[in-house]
Amino acid sequence: MLLRNVAWIACVVYSTIPAFWLLIHPRADFWRSRRRSPYRILLPIWIAMWVVSAAVTAPWRGLLLYEGRWTWIPAAGLFGAGLLLYTLSRNQFTLAQLGGLPEVLRGQNRQHLSTTGIRAYVRHPVYLGHLCEMLAWSLGTGLAVCWTLTAFATLTGAVMIRMEDRELEKRFGEKYRQYRSTVPAVVPKITI
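Scope of this entry: the structure provided in the associated data block.

Analysis parameters
- Residues numbered from 1 in each chain as written.
- Predicted model: local features only at pLDDT ≥ 70, side-chain atom pairs only at ≥ 80, totals over all residues.
- Heavy atoms only, no water.
- Helix = DSSP H or I, 4+ residues; strand = E, 2+ residues; numbered from the N terminus.
- Polar contact = N/O pair within 3.5 Å; in protein donor to acceptor, adjacent residues only side chain to side chain.
- Contact = heavy atoms within 4.5 Å.
- Axes fitted to C-alpha atoms, helices over the stretch in contact; angles between N-to-C directions.
- Parallel < 35°, antiparallel > 145°, perpendicular 65-115°, else oblique.
- Left-handed = near helix turned anticlockwise from the far one by under 90°.
- Nonpolar A, V, L, I, M, F, W, Y, C, P; charged D, E, K, R; others polar.

## Considerations on the side chain of His25
Within the secondary structure, His25 sits in the loop between α2 (17-24) and α3 (28-33). One polar contact links His25 to Glu167, side chain to side chain, over a distance of 2.6 Å. With residues near it in sequence (within four places) discarded, His25 still touches Glu103, Tyr127, Met160, Met163, Glu164 and Glu167.

Right, dumping it as C-alpha cells:
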C-alpha cells in the first residue's frame, strides 16, 4: 500500500510538470520583464496544482487495473531509462537551464542551442525521462490513477512542447528550425 501511495504522489507531481510549463512558455517575455524572480509566483502555483491534482484523484488512488509482481520487471527498465535520460540531459546543460531560468529571468536568455549528445537523437530528453518515470510507476503498480495522470501529462505535454518549440524558434531562428526538422521531439528514431 505504501508503494502505491508513493506511485500516486509521484504521478501527481510529474503530471503537473507540463501544466506548470504551460504557464511559462506562452508568456516567457512577460516573465522575463518582471523585476523580481517569477518563481516567487510560479512555484506556489505549481504546488497548488499538486494539491488540486491530489484532491481530485484521491478517491481513485486505490483502484487497480491489474496486479502482479512481474510488472515491476519492465517498470525497473523504464525507471533506469528515465534516470539515464536525466543524466544524459545534464550534459551540456546547466542546472539553471534545466530549471528553466533562461525562460523566466531577465538577462538569462543568452544561451547556445545544444544539438549534440542525447539531443542529437531527441530534442526534449528531459520530457522523455519524465514519461519513462510515469510509465514505470503506472506499469509497476497497475493503478488506474497513475495511468490517467500519465495520459493527462502526455496530452498537456504535447501542447507544451509545441509552445516551447515556438519559443526556441523565436530565440534561435533558422538554426532551431533546421534542428527541429531533423531531430524528433520526444521519441527518438530507431534504425535497425
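## What to know about the packing of helix α5 (residues 72-90) against helix α8 (residues 125-141)
When two helices pack together, their arrangement is given by the angle between their axes and by how far apart the axes lie. Two elements in contact, α5 and α8, have axes whose closest approach is 8 Å; the angle formed by their N-to-C orientations is 165 degrees. Relative to α8, the element α5 is oriented roughly antiparallel. Read as a crossing pair, α5 and α8 show a hand that is left-handed. Within the contact of α5 with α8, the residues separate by chemical class into 17 nonpolar, 6 polar and 1 charged.

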